[in-house]
Amino acid sequence: MRCGKIIPIALSCALLGCLLVGCQGGAAPDLSADTWGNTSGNILQTGTFAVSNGAIYYRDPDPKSGGLYRLDQDGSSLKLSDHDAYSINVVDDTVYFLDGLPGRVCRVSIDGDDFQVLKSGPVNHLFVSRSAMLYQKGSLMCIANTSAKRERVLAEDVLRFVPYHGTIYFSRLDGLYQVEADGTEPVCLTEEAPISLCANSQGLYFSVPNDNTSAGKAGGKVYHLEEDGTITPLAATDDCWNMNVTEQYIFYRDQTEKGALCRMDLDGGNATCLVRGNCVYIQTLKDLVVFYTPTQSDDLDCGDHVVRQEGGAILSPEDTRAALLA
């Protein structure tokens, strides 16, 4: 499964110029000890929720009252920005987010002060730490400082990526790769192209299409990539899309079950259906799972819904708030 080779990137003149300009910013940041401002699974599933120091930061989609909010454990809420908010990252006393999806890179203090637009965009999949930010511009994966300056391109033809323990892992149509923050040529780990990618403290988890012909076909064989590079297939047999992972479970959309929200153990066993319906944008929040249904069914309206990670009925807004404040 492992390629065992380094795949050079063919650079156009324009991209080469971008790299040369970006390299003038100095040495690459050390990402080995960085803690990112949200989980990789949440950010790759739109990142409209984040938790930091007991507070919940979230996007309110209501067109009249929408924006970026903070909910504290005493039940009080504070509107931080009128702007739309995706890829929410909370780093110390600052919230970084995308205004739109894709959108421009913004930041505001956790008290709602000092709003700034850092980069005009359009940007997607924003990860922010104390020393750097990673994001996509189209198919380019870029790294910059936390002011969105000194940008460098790390890889092109990128579908999605995850930073993990100082290394960045990303997918292309022809496989899974890793690259370091210094921008050395990416290393091919497997020629099977992931359709879903996320990480917890125990490693990366990714699923690949059964036919292995493109990242857009149904499929879902699931693998675990450990920090030492070992790739282990899991026992999962479902077609797994939109994966998100906690320290206990892998949550996913079962593509062969019309998009049902499902859960399995980290070894791929004990697959359980939590919600039947067309479920996407799966995010984890405390002991809850938040998901979105783009189409209306007999049981679910179009919109955001919440269920406990252990299963049960869809929670009402009142029960959701109580669970978040518990």
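Above this text sits the structure in question.
Everything quoted here is computed from the prediction, not taken from an experiment.

1. Some details on the nonpolar core
So, point 1. Core analysis: the biggest nonpolar cluster contains 18 residues, and L134, M141, F161, I168 and F170 have the highest contact counts within it.
So, point 2. Secondary-structure elements contributing two or more residues to this core are β11 (140-144), β12 (152-155), β14 (167-172) and β15 (175-180).
So, point 3. Here M141 is in contact with Y135, R152, V153, L154, A155, V158, F161, I168, F170 and V179, once residues within four sequence places are set aside.
So, point 4. Core analysis: the next-biggest nonpolar cluster, separate from the first, contains 15 residues, Y86, L98, V123 and V128 among them.

2. Details of helix α3 (residues 317-325)
So, point 1. All of the buried residues in α3 are T320, A323 and L324. Along α3, the residues classed as buried sweep out an arc of 100° about the axis, all on the same side.
So, point 2. For α3, the secondary structure elements touched by its buried residues are β3 (55-60), β4 (67-71), β25 (280-285), β26 (288-293) and β27 (303-308).

3. Some thoughts on the packing of aromatic side chains
So, point 1. In total, this model carries eight aromatic pairs according to the counting rule given.
So, point 2. Between the aromatic rings of W36 and F127, the centroid separation amounts to 6.3 Å while the plane-to-plane angle is 90°, which identifies the pairing as edge-to-face. Of this pair, W36 sits in the loop between α1 (13-23) and α2 (40-44) while F127 is found in strand β9 (residues 116-128), placing the two residues 91 residues apart along the sequence.
So, point 3. A residue is classified by how much of its surface remains accessible, and W36, at 17% relative accessible area, is buried.
So, point 4. Taking 5.4 Å as the distance between ring centres and 20° as the angle between the ring planes, the aromatic pair formed by F206 and Y223 counts as stacked.

4. Structural notes on the environment of S139
So, point 1. Note on placement: S139 falls in the loop between β10 (133-137) and β11.
So, point 2. Along the chain, S139 and N124 lie 15 residues apart, while their C-alpha atoms are 9.7 Å from each other.
So, point 3. Contacts of S139, omitting those with residues within four sequence positions, involve A155, E156, D157 and V158.

5. Looking at the sheet that holds strand β5 (residues 77-81)
So, point 1. What the four strands build is an open sheet, ordered β2-β3-β4-β5; its pairing is antiparallel. Two strands close off the open sheet at either side, each with one partner strand: β2 (49-52) and β5. This sheet shows a mean twist of 25° between the axes of neighbouring strands, independent of strand direction.
So, point 2. In this sheet, β5 lies alongside β4 in antiparallel orientation, the contact comprising four bridges. Bridging from a neighbouring strand, Y69 pairs with K79 of β5.

6. Notes on the sheet that holds strand β6 (residues 86-91)
So, point 1. The seven strands are arranged β6-β7-β8-β9-β10-β11-β12 in an open sheet whose pairing can be described as antiparallel. Whereas interior strands pair on both sides, the edge strands pair on one side only; in this sheet they are β6 and β12. Pairwise comparison of adjacent strand axes, ignoring direction, gives a mean angle of 45° for this sheet.
So, point 2. Pairing between β10 and β11: five bridges, direction antiparallel. Among the inter-strand pairings, Y135 is bridged to a residue of β11, identified as C142.

7. Quick look at the environment of G183
So, point 1. In this structure, G183 sits in the loop between β15 and β16 (187-190).
So, point 2. With 41 residues separating them along the chain, G183 and C142 place their C-alpha atoms 9.6 Å apart.
So, point 3. Among all residues touching G183, those that are not within four sequence positions of it are R152 and L154.

8. Re the pattern of salt bridges
So, point 1. This structure, assessed with the given rule, holds eleven salt bridges.
So, point 2. Note that K137 is salt-bridged to E151, the shortest N-O span being 2.7 Å. Here K137, found in strand β10, pairs with E151, found in the loop between β11 and β12; they are 14 residues apart in sequence, far enough to count as distant.
So, point 3. Given the relative accessible area of 14%, E151 is considered buried.
So, point 4. In this structure, D287 and R308 form a salt bridge, with 3.4 Å as the shortest nitrogen-oxygen distance. In this pair, D287 sits in the loop between β25 and β26 while R308 sits in strand β27, placing the two residues 21 residues apart along the sequence.

9. Observations regarding the pairing of strand β18 (residues 203-209)
Two faces make up the sheet, and in a regular strand the side chains alternate between them.
So, point 1. Burial analysis of β18 places seven of its seven residues in the buried class, the great majority of the element.
So, point 2. Bridge analysis of strand β17 (residues 196-200) against β18 gives five bridges, and the strand direction is antiparallel. The residue of β18 that forms the bridge with S196 is S207.
So, point 3. With antiparallel pairing between neighbouring strands as the criterion, β17 and β18 make up a hairpin whose turn holds two residues.

Parameters and conventions
- Residues numbered from 1 in each chain as written.
- Predicted model: local features only at pLDDT ≥ 70, side-chain atom pairs only at ≥ 80, totals over all residues.
- Heavy atoms only, no water.
- Core = buried A, V, L, I, M, F, W, Y, C linked by side-chain atoms within 4.5 Å.
- Buried < 20%, exposed > 50% of the residue type's maximum accessible area, 1.4 Å probe, protein only.
- Helix = DSSP H or I, 4+ residues; strand = E, 2+ residues; numbered from the N terminus.
- Contact = heavy atoms within 4.5 Å.
- Arc of directions from axis to C-beta.
- Phe/Tyr/Trp six-rings, centres within 6.5 Å; stacked < 30°, edge-to-face > 60°.
- Pairing = 2+ DSSP bridges.
- Axes fitted to C-alpha atoms, helices over the stretch in contact; angles between N-to-C directions.
- Salt bridge = Lys/Arg side-chain N within 4 Å of Asp/Glu carboxyl O.

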